[in-house]
Amino acid sequence: MAVLDIILLGDARLRKKSKSIRRFDGKLKQLAEDMVETMRHANGVGLAAPQVGINIRLIVVEMPEEGFEEDPNAGKLFVVANPEIVRLRGEKVAGDEGCLSIPGYIGEVERQPVATIKGQDLNGKPIRIKATGYLARIFQHEIDHLNGVLFIDHIDDPAKLRRIVYDAEADEYYEEPVAALMEG
Ligand SMILES: [Zn+2]
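1. Things to note about the overall build of the chain
And step 1. A tally of regular secondary structure across the chain gives 2 helices and 9 strands.
And step 2. Secondary structure elements of the chain, listed N to C terminal, follow the sequence α-β-β-β-β-β-β-β-α-β-β.
And step 3. Across its three principal axes, the chain shows a C-alpha extent of roughly 50 × 35 × 30 Å.
And step 4. Looking at the chain as a whole, 30% of its 184 residues are labelled buried.

Laid out in structure tokens, this is it:
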């Protein structure tokens, strides 16, 4: 297992449409393991292969148990090859999102709260997941990555974007507004 480098906003690989996975081999399993380790190391709740510079359709998702005790999927690890959203339901809800490829920023994104996802496991076997609430949000965010879409693309008003700043003296984080939308 290895912690991989996460590429950042501005890297063209984040904007490419990723390729479908056809070979469910040891190399894929190794990448999935490394992505899980990388996500956990960065305290993330999800990671898509393009974020480690590999443009294939693979995501890992793990919502923490803490704070989401009411969701039976909290704390569960999902590794999904060729994920697709087959159904989205419910009225759009605004919620905060960040991204390991855009460190230091949080934005308010509207998404539907119920998602059905289909895909394959690492052996190529079909899987289907029903996600609600925050988990549905994470899946939509990660699947967006496979299409070269970032959460900032869903934000059309700079007032919905905030920068997280660390104050070393006070050893505290605080939020500050941004003047303009981000590009990249
Ligand atoms: Zn992201």
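2. Things to note about the sheet that holds strand 6 (residues 114–120)
And step 1. A sheet is described by the order of its strands in space; here 5 strands give the open sequence 1-2-3-6-7, paired in antiparallel fashion. With partners counted over all chains shown, the strands left at the sheet margins are strand 1 (46–48) and strand 7 (126–132), one partner each. The mean inter-strand angle of the sheet, taken between neighbouring strand axes irrespective of direction, is 40°.
And step 2. With 7 bridges joining them, strand 6 and strand 7 adopt antiparallel strand pairing. Following the sheet pairing, G119 is matched in strand 7 by I127.
And step 3. Along the sheet, helix 1 (residues 26–41) contacts strand 1, strand 2 (58–62) and strand 3 (77–89); its crossing angle with strand 2, the most-contacted strand, is approximately 40°.

3. Digging into the environment of V109
And step 1. Structurally, V109 is set in strand 5 (residues 105–111).
And step 2. In this structure the C-alpha to C-alpha distance between V109 and G98, which are 11 residues apart in sequence, comes to 9.8 Å.
And step 3. Setting aside its immediate chain neighbours within four residues, V109 contacts G95, E97, F151, H154 and I155.

4. Concerning the sheet that holds strand 5
And step 1. Here 4 strands make up an open sheet; going across it, the order is 4-5-8-9 and the pairing antiparallel. Each edge of the sheet is formed by a strand with only one pairing partner; in this case those strands are strand 4 (93–97) and strand 9 (172–177). The average angle at which neighbouring strand axes cross in this sheet is 30°, direction not considered.
And step 2. Where strand 4 and strand 5 come together, 5 bridges link them in antiparallel fashion. Note that in strand 5 the partner of D96 across the bridge is E108.

5. Overview of the environment of V52
And step 1. Along the chain, V52 falls in the loop between strand 1 and strand 2.
And step 2. Of the residues examined, V52 has 21 C-beta atoms within 10 Å and is grouped as buried.
And step 3. In this structure, the C-alpha to C-alpha distance between V52 and S101, residues 49 residues apart in sequence, is 9.2 Å.

6. What to know about unusual backbone geometry
And step 1. The phi dihedral of N43 falls on the positive side, at around 55°, and the residue is not glycine.
And step 2. Summarising the element assignment, N43 is placed in the loop between helix 1 and strand 1.
And step 3. The backbone phi angle of N82 is positive, close to 50°, even though this residue is not glycine.
And step 4. As for its placement among the helices and strands, N82 is situated in strand 3.

7. Details of helix 2 (residues 133–146)
And step 1. Relative to the 20 Å expected for 14 residues at 1.5 Å per residue, helix 2 spans 21 Å between its end C-alpha atoms, a close match to the ideal helical length.
And step 2. Taken across its 14 residues, helix 2 has 12 buried, putting it largely inside the fold.
And step 3. For helix 2, the set of buried residues is Y134, L135, A136, R137, I138, F139, Q140, H141, E142, I143, H145 and L146.
And step 4. Within two residues after helix 2, G148 carries a phi angle of roughly 75°, on the positive side.

Criteria and cut-off values
- Residues numbered from 1 in each chain as written.
- Predicted model: local features only at pLDDT ≥ 70, side-chain atom pairs only at ≥ 80, totals over all residues.
- Helix = DSSP H or I, 4+ residues; strand = E, 2+ residues; numbered from the N terminus.
- Buried ≥ 20, exposed ≤ 12 C-beta atoms within 10 Å, placed from the backbone.
- Pairing = 2+ DSSP bridges.
- Axes fitted to C-alpha atoms, helices over the stretch in contact; angles between N-to-C directions.
- Contact = placed C-beta atoms within 7 Å.
- Expected span 1.5 Å × (residues − 1).

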